[in-house]
Amino acid sequence: MNIYADNAATTKVSKTALDAMLPCFAEAYGNPSSPHHIGQEAAKLLMAARETVAGYIGAEPSEVLFTSGGSESDNQAIITAAVLGARRGKKHLVSTKFEHHAVLHTLKKLEKEGFLLTLLDVHEDGLVRLEELEAALRPDTALVTVMYANNEIGTIQPIKEIGAICREKGVLFHTDAVQAAGHLPINVKDQNIDMLSLSAHKFCGPKGAGVFFVRKGIAITSLIEGGAQERGKRAGTENVPAIVGMAAAFKEACDNIAENTPKIRALRDKLIDGILKMDEVILNGDREKRLPGNVNVSIKGIEGESLLLMLDHVGICGSSGSACTSGSLDPSHVLLAIGLVHEVAHGSLRLSLDENNTEEEIDYILEKLPPIVERLRSMSPVWKKMKEGK
Amino acid sequence: MMMYSEKVMDHFTNPRNVGEIDGASGVGEVGNAKCGDIMKIFLKIDDDGVITDVKFNTFGCGAAIATSSMATEMIKGKHIEDAMKLTNKAVAQALDGLPPVKLHCSVLAEEGVRTALLDYFTRRGEEMPEEYKPRHEDCDACFI
């Protein structure tokens, strides 16, 4: 059995998205900037995609910029706010300790250039506290950027409330909605969002396309100079096939949220309950305020990479926040931010589900996981020490 | 993430010499949970200085388990004079190489064996040759 339970890493492109994309390669292959009919055919598809995406986030088409993905959108949002802030002498930026690196690394870079940074605690449950956010805001705060849902532990932040506080204080608010888009409802007006990032491949669209939403009236700083594409704010010939695929996938995902969410959530809860039956396993992140498909646990006494390899051996694809899977010697900053000690963070396992997963698959995972854990623990000196210590 | 060689996967999925030895002649534990790897090696050494049995317990990634398995295989039945000379390079080579970020696991295996041997020498009130002593607590070893 092959089980893909790594949908937070990327998803399988849906048939709807693929069907929408295919004509863009050999039929509507023109450059949308070309005035001739083949170019204009592509331009029409691009415009339709922009209208679709805008419609599903409650924005105007002119407020939607297409980018290469979530990382680029995050970078551009933060740089845009930093440039605007610096012009008015505002050089304070507020975010959280467990943002995606596309946000954190951009902020750290600005910090080196003289900006001041406040990273909010996300506590054991992986949630920002509104009063702490409010207390962090200063007259010179240029931006608040808080992710809608976390990519590792799936916790959902009170975006609308954060947006309201920012509005009241006159501070720009950006949210990295890469994990949320297509899985949780988004309405930039209702949720008081000034800027938002999303990425196509997290909701069954293709890789290489994303959206940078910017509310009308905010002067955008471009990261890529060149042609006049995307109103001159993002040069480079548009990736029409990927953008068209993204719009189709986004429409499909949003149209089916109401139907899919309870189904995926039921699978998630069954998986969480089953895994927590094992000895010395903890759920990372708040149980209720989490993405419908996110399961993230720490299995004490074992290391994540060896667990992933063993799971892969029986056909199960998951992910871990252990150092060994990150290519560095430190475990995930997200798990450390919610207060896990290193050895517990090293033993994390993320299984992220979507509408393609089935109950049989959950049963299979729950059948295969315990003996693998048992086996790794039987050769773990850390586990032995833990058991002897009791 | 880089792919492991078939040999690494073989030693990871079917690790040799897993376990502990009661009344071991020498025991060595290296690494720390902070870095994500801990290796404990048990040696049984006879009166002639031959390693008659060796076992390990490891908390760590695929490479950590595979290097533990390979290192114990390489010193089993060997005289301590030869076992002392086991290097991390030899372990990595025997596994058909390791991804660069995983080389520290082979260092851990070398250190584990040498630490267990040091314990053996110490218990006997003997001095282990300086050049083969583990470098111990030398976290920089992880970054070579």
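None of the values given here were measured: they were computed from a predicted structure.

Novice: Can you tell me about the sheet that holds strand E1 (residues 26-32) of chain B, naming the residues and giving the values?
Specialist: What links the strands of a sheet is backbone hydrogen bonding, and the strands pair in either a parallel or an antiparallel sense. All names here are of chain B. Spatially, E1-E2-E3 is the arrangement adopted by the 3 strands of the open sheet, whose pairing is antiparallel. If you trace the sheet from one side to the other, it starts and ends with E1 and strand E3 (51-59), each paired once. Strand after strand, the sheet turns through a mean of 10° between neighbouring axes, direction not considered. Strand direction decides the pairing type here: strand E2 (residues 37-45) and E3, joined by 8 bridges, are antiparallel. The residue of E3 that forms the bridge with Lys40 is Asn57.

Novice: With reference to specific residues and values, describe the packing of aromatic side chains.
Specialist: What characterises a pair of aromatic rings is the spacing of the ring centres plus the angle enclosed by the ring planes. Using the criterion set out here, one finds 3 aromatic pairs over all chains in the structure. Judged by centre distance (6.3 Å) and plane angle (70°), the rings of Tyr56(A) and Phe250(A) are edge-to-face. One end of the pair, Tyr56(A), is in helix H3 (residues 37-57); the other, Phe250(A), is in helix H8 (residues 240-255), and 194 residues separate them in sequence. For Tyr56(A), a relative accessible area of 26% translates into the label partly exposed. Taking the centre distance of 5.7 Å and the plane angle of 70° together, the rings of Tyr120(B) and Phe121(B) count as edge-to-face. Per residue, the accessibility class of Tyr120(B) equals that of Phe121(B), and both read buried. Taken together, the aromatic side chains of Tyr56(A), Phe203(A) and Phe250(A) make up a single cluster linked through ring pairs.

Novice: Go over the layout of surface pockets, please, and point to the residues and values.
Specialist: Residues and elements named next belong to chain A. Taken as a whole, the second largest pocket encloses approximately 400 Å³ of empty space. What lines the second largest pocket is a set of 31 residues, and nearest its centre among them are His183, Ile264, Leu353, Asp354 and Glu355. Listing elements by their share of the lining of the second largest pocket, those giving two or more residues are H8 and helix H9 (257-276). Across the lining of the second largest pocket, the residue classes tally to 11 nonpolar, 15 polar and 5 charged.

So, how was this worked out
- Residue positions are given per chain, counting from 1 as you read along its sequence in written order.
- To label them, take the chains in the order written and letter them from A, then take the ligands in the order written and number them from 1.
- The predicted origin of the model limits local features to residues at a pLDDT of at least 70 and limits the giving and counting of side-chain atom pairs to 80 or more, whereas totals for whole chains, interfaces and linings rest on all residues.
- Hydrogen atoms and water are omitted, and side-chain values are computed over all heavy atoms in the structure.
- By this definition, two strands are paired if DSSP reports at least two bridges between them.
- For the purposes of this entry, the term helix denotes a DSSP run of H or I that reaches at least four residues, the term strand denotes a run of E that reaches at least two, and both are numbered from the N terminus.
- To obtain each axis, a line is fitted to C-alpha atoms, and for helices this fit is confined to the stretch in contact; angles are then taken between N-to-C directions over 0 to 180 degrees.
- What counts as a ring pair is set by centres within 6.5 Å for rings of Phe, Tyr and Trp (its six-membered ring), and what kind of pair is set by the plane angle: stacked under 30 degrees, edge-to-face over 60, tilted for all other angles.
- Buried, partly exposed and exposed residues are distinguished by accessible area as a fraction of the type maximum, computed with a 1.4 Å probe on protein chains only: under 20%, between the cut-offs, and over 50%, respectively.
- Buriedness for pockets is judged along seven lines, at least five of which must meet protein on both sides within 12 Å for an open set on the 1 Å grid over protein atoms alone, while cavities are sets there where a 1.4 Å probe fits but cannot get out, and lining residues have an atom within 4 Å of a point.
- Grid points are joined across faces, edges and corners, and a volume is the space filled by probe spheres set on the points.
- Classes in brief: Ala, Val, Leu, Ile, Met, Phe, Trp, Tyr, Cys and Pro nonpolar; Asp, Glu, Lys and Arg charged; the others, Gly included, polar.

Keep in mind these numbers describe shape, not what the thing actually does.
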